[in-house]
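Take a look at the letters that make up each chain.
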Amino acid sequence: MEFSQVVRRRRMTRGFDADRPVPHHILQSALEQATRAPSAGFSQGWDFVVLRGEQTQKFWPATTSEDRPADRWLTGVSAAPCLIVCVSNPDAYLDRYAEPDKGWADRDTQRWPIPYWDVDTGMAALLVLLTATDHDLGGLFFGVPAHAMTEVKEVLKIPQGRRLVGVVALGYPLADRKSPSLRRGRRRLETVAHDGEFGQPWSGG
Ligand SMILES: Cc1cc2nc3c(=O)[nH]c(=O)nc-3n(C[C@H](O)[C@H](O)[C@H](O)COP(=O)(O)O)c2cc1C
């Protein structure tokens, strides 16, 4: 598939065929592509905990409460045969930038107004989603609810200092409804891109 087609076809999928696992070579390729993501100082402060088949059931009880019936979102997404839990590692950046070529030996987190460990992990997650699209698979990036962070980390043995940036659900898509958020419409390029200074609409000329 053409690159521009992959970008345009990618849509978050919220309904999966539970009976069709993600072929190993596609999963392997998605993870390999993720490691090609850019990262500040080439710190590569990301990890991916891959849950396949039954293993995905470790994740769901940690994020949902038993007395709440599964809604449509949960029913659709929890059918995904594969979850990739995307984890960032702030220490990898503090360590890397304490090296002589960067020189931030104080490891001061104030130097990081933008948490690039999370940014880079998000970029890696996008490469997983694009690889999935390229192979006609569906994917959804979703966040772990704040109240469930600790339990998910415990159940997956994710070390304390790491951050749960989000989860990519992968699988063959079932016909599902589009995100209601899409009704908001895509922001027009003229309002997103600014020509020379903020507020000057991009004319493309
Ligand atoms: C950082 C981030 C977090 C998101 N979290 C969720 C989520 O928790 N649940 C969900 O269903 N979709 C989530 N989405 C998907 C967005 O709703 C979706 O990307 C947006 O509506 C545009 O639709 P599209 O990606 O299909 O083009 C998230 C997307 C991003 C980038």
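Residues numbered from 1 in each chain as written. Predicted model: local features only at pLDDT ≥ 70, side-chain atom pairs only at ≥ 80, totals over all residues.

Novice: Help me get a handle on the site of the ligand, residues and values and all.
Specialist: As a structural note, the neighbourhood of the ligand is formed by Arg-11, Met-12, Arg-14, Leu-140, Phe-141, Phe-142, Gly-143, Gly-166, Ser-179, Ser-181 and Leu-182. Looking at the shell around the ligand, the element that brings in the most residues is strand E3 (residues 138-142), giving three residues. Across the shell around the ligand, the residue classes break down as five nonpolar, four polar and two charged. (Near = placed C-beta within 6 Å. Helix = DSSP H or I, 4+ residues; strand = E, 2+ residues; numbered from the N terminus. Nonpolar A, V, L, I, M, F, W, Y, C, P; charged D, E, K, R; others polar.)

Novice: Kindly report on the sheet that holds E3, identifying the contributing residues and their values.
Specialist: The four strands are arranged E1-E2-E4-E3 in an open sheet whose pairing can be described as antiparallel. The open sheet has two edge strands with one neighbour each: strand E1 (46-52) and E3. Strand-to-strand twist of the sheet, defined as the mean angle between neighbouring strand axes without regard to direction, takes the value 20°. Two strands pair when backbone bridges link them, and strand E2 (residues 82-88) and strand E4 (residues 163-171) are joined in this way by seven bridges, in the antiparallel orientation. What sits directly across from Val-85, in E4, is Val-167. (Pairing = 2+ DSSP bridges. Axes fitted to C-alpha atoms, helices over the stretch in contact; angles between N-to-C directions.)

Novice: Before we move on, can you summarise the environment of Gly-15 with the specific residues and values?
Specialist: With respect to the helices, strands and loops of the structure, Gly-15 is situated in the loop between helix H1 (3-9) and helix H2 (24-34). Along the primary structure Gly-15 and Glu-32 are separated by 17 residues, whereas in three dimensions their C-alpha atoms are 25 Å apart.

Novice: Kindly report on the environment of Leu-94, identifying the contributing residues and their values.
Specialist: Looking at where Leu-94 falls in the secondary structure, it is placed in helix H5 (residues 90-97). Judged by the 20 C-beta atoms lying within 10 Å of it, Leu-94 is buried. C-alpha of Leu-94 to C-alpha of Arg-107: the two residues are 13 residues apart in sequence and 5.1 Å apart in space. (Buried ≥ 20, exposed ≤ 12 C-beta atoms within 10 Å, placed from the backbone.)

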